[in-house]
Amino acid sequence: VSPHSASPLLPFTTTPPQNHRRHHLLPPPSGPSSRPRATMSRRAVIVSTARTGLTKSFRSGFNNTHGAVMQGHAIKHAIEKAGISPGDVEDVIIGCGFPEGATGMNIARNAALWAGCPVTTSGTTINRFCSSGLQAVASAAHSVMVDGVDVAIGGGVESISMVSPVASKTTVTEEKLMSEFPALWMPMIETADIVSARYGISREAQDVYSVESQRRTAAAQEAGLFKDEIVPMKATMLVTDKETGETSHKTVLADRDECNRPGTTLEALAGMNPVRSKVDPSAFITAGNASQLSDGASACVVMSEAEASRRGLQPLGAFKGFAVAGCAPDEMGIGPVFAVPRLLARHGLKVDDIDLWELNEAFAVVPLYSMQQLGIDHAKTNVNGGSIAIGHPFGMTGSRMVGHALLEGKRRGAKSAVVTMCIGGGMGAAGLFEIF
């Protein structure tokens, strides 16, 4: 069938043979989600967003929390904020940078069930490294716009604490790719050092940027600007005695982002040694000008505009488009420089037409180079700080950025926002959103 056909989708009417059905399964859909609908002019809107606070990986609140719990918590509260029933959600699409271990076994489906969605709600996990959360929101929107889905969820989760130690021991390289593209397995911090040197982004500039990120986040926290998106969550933290190695458990409440350092000064950052200084004396990247390893989850409820109107809901904004672009793996940090122009060109826009930018701070060199090359105003970019201060759970960050851009944009009276980031392996991604 042509995607441009004016014919509506047919409702699902067939009933499986009786001996194939289970007593605990619901009958075939018969509510609004099964009505015929045209898809050519459907708009996808985001009606709610919810996330956990971000905790420091390995040594803080979520270091012993399964991914299904974090993501399920975010999904549950995003559904509640939207004022819908869990059974209204047709599909849950979750991004994860490392979908294995405690975030494996199709974490999207598992988290949906943990959140209280019925077994009739489906789920799929997708991976595009640090853009996984944005990709998930875009994919949820595409399902609404193209496939006639009325209600979907897009989000992201990462448990660096529980998965990274396992994943680092199980990585398997491939001979041909290692010969032709060895940087596919290069540590991200090394690619950031390469970009810094190759394009002349100084250590001082990166440190100055990082101090400002910390300042903005601290000011936003003080003003309570993250409260609308963070849903407090109790967790059982694993505590290890440094002297004896004995472990114990402690109940904690994760109700804020705890990774930032409000008192950060330029002098303090300048005194830090680069992480790779022993192998590269001219390295640039330190713990102070890179994103912080952290754990957390985010979810956005995505709905057709018509369905939101039928329910009397007030959306936060609309999904307008998504674009990706590739670049050399060893300079993956420049990915946004290629993805953003592609996105804007497809919508007849220029950089100056965008009111608000969320440009992921994987490393300070990433937004610095991207702003320089694209002509993006820093005053419009990461206005409440970014991953250097807030933290960066790889697969979750994109969804967090979407939610925050919509909420902050509404506070500022902004009409448009772009969420963009670099991606491991040599890519960039960018999403365009209209703010209501």
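Numbering of residues starts from 1 in every chain and runs along the sequence as written. Where local features are concerned, this predicted model is filtered to residues with pLDDT of at least 70; where side-chain atom pairs are given and counted, the filter is 80 or more; whole-chain, interface and lining totals use all residues. Note that water and hydrogens are dropped before the side-chain values are worked out from all heavy atoms of the structure.

Caption draft 1: Representation of the packing of helix α3 (residues 132–147) against helix α13 (residues 397–412). Where α3 contacts α13, the axes come no closer than 4 Å and their chain directions differ by 65°. Across from Gly133, Leu134 and Val137 in α3, the residues of α13 making contact are Gly398, Ser399 and Val402. Put simply, Ala, Val, Leu, Ile, Met, Phe, Trp, Tyr, Cys and Pro go in the nonpolar bin, Asp, Glu, Lys and Arg in the charged bin, and everything else, Gly too, in the polar bin. Across the contact of α3 with α13, the residue classes break down as three nonpolar, three polar and no charged. Helix axes are fitted to C-alpha atoms over the stretch in contact, other axes to C-alpha atoms as well, and angles between N-to-C directions run from 0 to 180 degrees. Going along the chain from the N terminus, every DSSP run of H or I of four or more residues is numbered as a helix, and every run of E of two or more is numbered as a strand. A contact between two residues is defined here by any heavy atoms of the two lying within 4.5 Å.

Caption draft 2: The arrangement of the state of the cysteines in detail. In what follows, a disulfide is any cysteine sulfur pair within 2.5 Å. Applying the stated criterion across every chain yields a total of zero disulfides. The thiol of cysteine 259 is not disulfide-bonded; the next cysteine sulfur, from cysteine 130, is found 15 Å away. Accessibility here uses a 1.4 Å probe with only protein chains present; expressed as a share of the type maximum, an area under 20% marks a residue as buried, one over 50% as exposed, and anything in between as partly exposed. Of the residues examined, cysteine 259 reaches a relative accessible area of 1% and is grouped as buried. Free cysteine cysteine 300: the closest other cysteine sulfur is in cysteine 117, separated by 15 Å. Residue classification places cysteine 300 among the buried residues on the basis of a relative accessible area of 0%.

Caption draft 3: Region of the structure containing the packing of aromatic side chains. The rule is short: rings of Phe, Tyr and Trp, with Trp giving its six-membered ring, pair when the centres are within 6.5 Å, and they are stacked under 30 degrees, edge-to-face over 60, tilted in between. Taken as a whole and judged by the stated rule, the model has four aromatic pairs. The interplanar angle of 75° and the centroid separation of 5.8 Å between the aromatic rings of phenylalanine 319 and phenylalanine 433 together place this pair among those described as edge-to-face. One end of the pair, phenylalanine 319, is in strand β9 (residues 317–326); the other, phenylalanine 433, is in strand β12 (residues 427–435), and 114 residues separate them in sequence. The exposure classification of phenylalanine 319 matches that of phenylalanine 433, with both residues buried. A network of ring pairs unites the aromatic residues Phe98, Phe129 and Phe394 as a single cluster.

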